Amino acid sequence: DGGPASLAFVEKPLSSTPAFFFFLLNNKSIIEKSLLRKSRSFRGMPKGLARNELIAKEGAAIWMELSLDEKREYVDYAVKDFEKRVIAWKEKEVIEGMVEAMDEENDDDVGESEDKVSDDLSLEEETSKAQSKARLLQSSKVKCQKVQISAKDRNTNNRILL
C-alpha cells in the first residue's frame, strides 16, 4: 500500500508461488529445531545451501504426510498471494496507461522548447530517475516514535536502542 511509487518494480506474475514454499517458510524454524535434535551432523553444518537442502527435504517429507485440509490452507494462501500480485501488476499497467495518455496530451499542447528538453533525457535516464524516486519514497515511510529511556538503561554502555 505505498501508492504508485510502490508499483515501480512490479512485474507481470507468470505463475503462483507453490503452496509448499509457504508451508516451508512458516515451518522452517520448527523443522530446523527438529533436525538439530535428530542429527549431530546437522548441528555442525554452516548455514548455506547444503543446510537449506536438508531442511527442504525434511519439510517435503512432512508436507507429504499432511492431510488435504492442512494443505488447503497453504494452497489458499498461495492463491491469495498470486491474486495480490496480479492486482498490483494490473494497477501498474493502468497507471502507466494513464501517464502515457497524459504525456500525449501534454506533448500536443507544449511548444518546441519542451520537446528539446525531453529529447535530452533518454528512456534509460527517465527509468533510472523513476526507480530512484520510488526507492526514496519507499524508504522515507519509516515511522518515528519518541523513545523513553529508563534510568537503568542510561547507566549502560549500550547506546543502541531497538
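Note: the structure precedes this text.
Residues numbered from 1 in each chain as written. Predicted model: local features only at pLDDT ≥ 70, side-chain atom pairs only at ≥ 80, totals over all residues. Heavy atoms only, no water.

Asks: Before we go on, may I ask you to explain the packing of helix α1 (residues 19-38) against helix α3 (residues 49-65) in this structure?
Replies: Two quantities define a packed helix pair, namely the angle between the helix axes and the distance between the axes. Two numbers describe how α1 lies on α3: the axes approach to 8 Å, and their chain directions differ by 110°. Here α1 is positioned roughly perpendicular relative to α3, judged by the angle of their axes. Mapping the contact onto sequence places A19, F20, F23, L24, K28, I31, E32, L35, L36 and K38 in α1 and R51, N52, L54, I55, A56, E58, G59, A60, I62 and W63 in α3. (Axes fitted to C-alpha atoms, helices over the stretch in contact; angles between N-to-C directions. Helix = DSSP H or I, 4+ residues; strand = E, 2+ residues; numbered from the N terminus. Parallel < 35°, antiparallel > 145°, perpendicular 65-115°, else oblique. Contact = heavy atoms within 4.5 Å.)

Asks: Please explain the pattern of salt bridges as it appears in this structure.
Replies: Any two side chains of opposite charge can pair, given that their charged atoms come close. As enumerated under the stated definition, the model contains five salt bridges in all. Of the charged contacts in the structure, one is a salt bridge between E32 and R51, with a shortest N-O distance of 2.9 Å. Highlighted residues: E32 in helix α1 and R51 in helix α3, separated in sequence by 19 residues. One salt bridge connects D81 with R85, and the closest N-O pair in it is separated by 3.3 Å. On the criterion of helical spacing, the pair formed by D81 and R85 is a turn pair, its members being four residues apart in helix α4 (residues 68-109). Of the residues examined, D81 reaches a relative accessible area of 22% and is grouped as partly exposed. (Salt bridge = Lys/Arg side-chain N within 4 Å of Asp/Glu carboxyl O. Buried < 20%, exposed > 50% of the residue type's maximum accessible area, 1.4 Å probe, protein only.)

The analysis is restricted to geometry; functional conclusions fall outside its scope.
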